[in-house]
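Each chain is listed here by its residues.
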Amino acid sequence: MKEWTREERYRVLHSADEIKDLYDRVKTSVYRQTYHVQPITGLSSDPNGFALHEGIWHLCYQWCPWGAVHGLKYWYHVTSPDLIHWQNAGIGLAPDRDYDNKGAHSGSAISVGDELYFFYTGNHRDENWVRTPWTCAATLTHEGRLEKLPEPLFGPRPDYAEHQRDPKVVYNAEKERYYIFLGAMSADKRGCVLVYSSPKPLEGWRFEGELKVHGYEHFGGMWECPYVVNLSGTDVLIFSPQYTTLPGRGNSTNHNVYFLGKMDYDTLTFTPDGPYRFLDFGFDFYAAQGAANVGDPDKAILVGWIGLPDNHYPTEEEDWEGSMSLPRELRVRDGKLLQTPISGIEQLRSDAPVQLGILPPACELQVNVGEGDFDLNLFTREDGTGGLRLHYDAAARTCTLDRSGMDKRFNTQVFETLDVPLEQPLSRIRVFIDRSSAELFFNDGEATFTTHIYPTEREFHFDLTPDTPFRMWKLERSVTDEFVV
Ligand code: FRU
């Protein structure tokens, strides 16, 4: 594994030429995704600035151009007419101001009238590497570029730790105010969310207080990437708590969880209806962000980072890593959160024939599971060994996924086996495979499981419990992956 110096990690990109060779090399990787957004070079992490504006979906990702390393972060901008076909739009935000000199960190977007506003964290560090996180804004120009405001909107609270970032902006029609939910760590190292409000997007922001989440006053050390949305009358609070392990999640100290409950903007209290739940039960899913301006009170659209902080992935050797998840639709039905793949993804199904027992590099698999225990083994070798193995224990209503049989093993010290507890008996699985990821949707959205996966040349077979009906389609490419900087 390459050791990076701070200078290398925080090198400023001055011209596209500096990464053209890297792009040409990265592009030849067998692990490049075909229908998922991925970094043009280097590393992608959190989804940022996700909104629908004048008929176009805008999405950015945290991007470190130089390699598979967390360093100086840019926002890289992609757009889509339909959340399925994506094209590269170039750098969204570069860390080119004093207030964001060490990174344009995560944030969100909201479309208001004919303006698209972006909110992000300007990660400033002084010569002693002391951090000051600024909450900053930008707008979309007519040419489709992001243009920063000359000054940040506001600075950090001195009574909290230096971890104050990831502004998610929402509009509350009842209050006629915009709200920023900011991920934070308190002075005594508790994870929390700070709330700001303003009648206007670009001025007048005032601190309202810390969000009270009853029963979760001590839950992790920092709540990254908070997001609050109302779905069919139920409020949902999604965030990524870190610096803590949680039951059933191996040695990972990064998680993406949610509560269903009630958000009270008068008292700044989120009252959960029940315990936290994992947003995704897989190995690699974090920092998910919901899109603004979806325009449907019953549906949210969410993208997550396929990856985890502080983890290492095999494509590090090729100087790139990371991928966005497929956009997914969130709904609340009968007091439960359901997550389904973005509708319309079926248009990528190809007519090309598939072969029994052979897994195409980009495909969808749908399985109707019968009663009793069930097995699905993906990416196995010709003799049926190895691979990513799913076993469903009907008595326990639990799927266990094990990736320890793959040739390329990674993050083994964090976890290689994880459970997906189900409330309903397993009846249906939809699997989306791309060249370096697999996303599984159980029981029409009851639970999901996202993982990176790096099959070698011999790992392309699959099998499942005999006599289980299934269908499979190859999926067509839908990301352009062009060199636009
Ligand atoms: C989450 C996170 C955010 C931060 C960003 C920096 O993965 O740590 O809190 O803004 O990544 O890249």
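Going by the structure above, here's the rest.
It should be emphasised that the depicted structure is a prediction, and the values quoted were computed from it without experimental measurement.

1. Comments concerning the overall build of the chain
Part 1 of the reasoning: The secondary structure content of the chain amounts to two helices and 33 strands.
Part 2 of the reasoning: On C-alpha atoms alone, the chain measures out to a radius of gyration of 22 Å, which is about the 23 Å that the 2.2 N^0.38 rule sets for 485 residues.
Part 3 of the reasoning: The C-alpha extent of the chain, read off along each of the three principal axes, is 65 × 50 × 40 Å.
Part 4 of the reasoning: Taken over 485 residues, the chain has a buried fraction of 61%.
Part 5 of the reasoning: A separation of at least 24 residues holds for 59% of the contacts in the chain among residues at least 6 apart in sequence.
Part 6 of the reasoning: For the chain, the exposed surface amounts to about 19000 Å²; the carbon and sulfur share of it is 47%.

2. Considering the sheet that holds strand S22 (residues 328-333)
Part 1 of the reasoning: Overall, antiparallel pairing links the four strands, which are arranged S19-S20-S22-S23 in an open sheet. Edge strands, defined here as strands with exactly one partner in the open sheet, are strand S19 (286-290) and strand S23 (336-341). The mean inter-strand angle of the sheet, taken between neighbouring strand axes irrespective of direction, is 35°.
Part 2 of the reasoning: Of the pairings in the sheet, the one linking S19 to strand S20 (residues 300-305) comprises three bridges and is antiparallel in character. Looking across to S20, one finds that glycine 290 is bridged to leucine 302.

3. Thoughts on helix H2 (residues 17-26)
Part 1 of the reasoning: Every buried residue belonging to H2 is among Ile19, Leu22, Tyr23 and Val26, and all of these are buried. Around the axis of H2, the buried residues are gathered within 105° of arc, so they sit on the same side. For H2, the exposed residues set more than 90 degrees away from the buried face come down to Asp17 and Asp21.

4. So, the pattern of salt bridges
Part 1 of the reasoning: Going through the model one piece at a time under the given rule, you end up with 29 salt bridges.
Part 2 of the reasoning: For glutamate 346, the salt bridge is made with arginine 430, and the minimal N-O distance between the two is 3.0 Å. Taken together, the residues glutamate 346 in the loop between S23 and strand S24 (363-368) and arginine 430 in strand S29 (residues 428-434) connect sequence positions 84 residues apart.
Part 3 of the reasoning: Glutamate 346 gets classed as partly exposed once you look at its relative accessible area, which sits at 31%.
Part 4 of the reasoning: Since its relative accessible area comes to 14%, arginine 430 is described here as buried.

5. As for the pairing of strand S31 (residues 447-452)
Part 1 of the reasoning: Counted residue by residue, S31 has six buried out of six residues, so it is predominantly covered.
Part 2 of the reasoning: In this structure, strand S30 (residues 437-442) lies alongside S31, joined through six bridges in antiparallel fashion. Each residue of the ladder has a partner; that of leucine 440, found in S31, is phenylalanine 449.
Part 3 of the reasoning: The hairpin turn running from S30 into S31, its antiparallel successor, is four residues long, and asparagine 443 in that turn takes a positive phi close to 50°.

6. Focus on unusual backbone geometry
Part 1 of the reasoning: Not every positive phi belongs to a glycine, and asparagine 443 is a case in point at roughly 50°.
Part 2 of the reasoning: The topology assignment puts asparagine 443 in the loop between S30 and S31.
Part 3 of the reasoning: Accessibility expressed as a relative area gives 10% for asparagine 443, which makes it buried.
Part 4 of the reasoning: In this structure, aspartate 481 is a non-glycine residue whose phi angle is positive, near 60°.
Part 5 of the reasoning: Along the chain, the position of aspartate 481 falls in the segment after strand S33 (470-474).

7. Some details on the packing of aromatic side chains
Part 1 of the reasoning: Taken as a whole, this structure holds 33 aromatic pairs when the rule is applied.
Part 2 of the reasoning: Here the aromatic rings of phenylalanine 50 and tryptophan 57 are separated by 6.0 Å at their centres, their planes lie at 55°, and the arrangement is tilted.
Part 3 of the reasoning: Judged by relative accessible area, phenylalanine 50 falls into the buried class, the value being 0%.
Part 4 of the reasoning: By relative accessible area, which is 8% here, tryptophan 57 ends up buried.
Part 5 of the reasoning: Their ring planes at 85° and their centres at 5.7 Å tell us that phenylalanine 462 and phenylalanine 470 sit as a pair that is edge-to-face.
Part 6 of the reasoning: Overall, the relative accessible area of 6% leaves phenylalanine 462 in the buried class.
Part 7 of the reasoning: Overall, phenylalanine 470 belongs to the partly exposed group, its relative accessible area being 30%.
Part 8 of the reasoning: Grouping aromatic residues by their ring pairs yields a cluster made of Tyr216, Phe219, Trp223, Phe239, Phe259, Phe270, Tyr276, Phe278 and Phe281.
Part 9 of the reasoning: The ring of tryptophan 4 carries lysine 2 above its face, with NZ or CZ at 4.5 Å from the centroid.

8. Here's the deal with the environment of arginine 165
Part 1 of the reasoning: Turning to its location among the elements, arginine 165 is positioned in strand S9 (residues 160-172).
Part 2 of the reasoning: Contact partners of arginine 165, with chain neighbours within four places excluded, come to Thr121, Arg131, Leu182, Gly183, Met222, Glu224 and Gln242.
Part 3 of the reasoning: A distance of 2.9 Å separates polar atoms of two side chains, one belonging to arginine 165 and the other to histidine 163.

Criteria and cut-off values
Residues numbered from 1 in each chain as written. Predicted model: local features only at pLDDT ≥ 70, side-chain atom pairs only at ≥ 80, totals over all residues. Heavy atoms only, no water. Helix = DSSP H or I, 4+ residues; strand = E, 2+ residues; numbered from the N terminus. Rg over C-alpha atoms; globule rule 2.2 N^0.38 Å. Buried < 20%, exposed > 50% of the residue type's maximum accessible area, 1.4 Å probe, protein only. Contact = heavy atoms within 4.5 Å. Areas by Shrake-Rupley, 256 points an atom, 1.4 Å probe, with all protein chains shown as cover. Pairing = 2+ DSSP bridges. Axes fitted to C-alpha atoms, helices over the stretch in contact; angles between N-to-C directions. Arc of directions from axis to C-beta. Salt bridge = Lys/Arg side-chain N within 4 Å of Asp/Glu carboxyl O. Phe/Tyr/Trp six-rings, centres within 6.5 Å; stacked < 30°, edge-to-face > 60°. Lys NZ or Arg CZ within 6 Å of the ring centre and 35° of its normal. Polar contact = N/O pair within 3.5 Å; in protein donor to acceptor, adjacent residues only side chain to side chain.

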